[in-house]
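A look at the structure
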Amino acid sequence: MVFLFFLDQLSSLSAMQWLQAVVGFALFFGAGYSLSRALFKQAGLIERVALSIAVALTVPALVLVVLNLALGMPFNVLTVYFVFLALILGGWFFSRKQA
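Scope of this entry: the structure provided in the associated data block.

Each value, and the rule that gives it
Residues numbered from 1 in each chain as written. Predicted model: local features only at pLDDT ≥ 70, side-chain atom pairs only at ≥ 80, totals over all residues. Heavy atoms only, no water. Helix = DSSP H or I, 4+ residues; strand = E, 2+ residues; numbered from the N terminus. Buried < 20%, exposed > 50% of the residue type's maximum accessible area, 1.4 Å probe, protein only. Contact = heavy atoms within 4.5 Å. Expected span 1.5 Å × (residues − 1). Arc of directions from axis to C-beta.

1. Describing the environment of Phe84
Summarising the element assignment, Phe84 is placed in helix α4 (residues 77-98). Overall, Phe84 belongs to the buried group, its relative accessible area being 11%. Sequence-wise, Phe84 and Ala61 are 23 residues apart; in three dimensions their C-alpha atoms are separated by 9.9 Å. When residues no more than four places from it in sequence are discounted, the contact partners of Phe84 are Leu27, Phe28, Ala31, Ala56 and Pro60.

Pasting the structure below:
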């Protein structure tokens, strides 16, 4: 029953909403993957996926809270996208530097 509701909701999305969902998932998983690759060198595939999800859930949230409390930056779409992009690039550069 829940699956049918989810399928019905997916079919009613516009092209812009699909694009936003795909870009959001790519940023979410990309940030987690790049940070887990930089921090955990010897992880296998299953561990890497699990760590990517865990890191993607925790690190950007902590960065956004610190930015909001310390600098007073509001939570909006641009702030969240820039934090995810900064974490992706930071993890990628750090993993490249260590290799």
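2. Digging into α4
Because an α-helix packs 3.6 residues into every turn, residues spaced three or four apart end up facing the same way. Given a rise of 1.5 Å per residue, 22 residues ought to cover 32 Å, and the 32 Å separating the end C-alpha atoms of α4 matches this to within 8%. For α4, every residue scored as buried is listed here: Thr79, Val83, Phe84, Leu87, Gly91 and Ser95. End-on view of α4: buried residues confined to an arc of 135 degrees, all on one side of the axis. Opposite the buried face of α4, by more than 90 degrees, sit the exposed residues Val77, Leu78, Phe82, Phe93, Arg96 and Lys97. Buried positions along α4 lie against α2 (15-39) and α3 (45-71).

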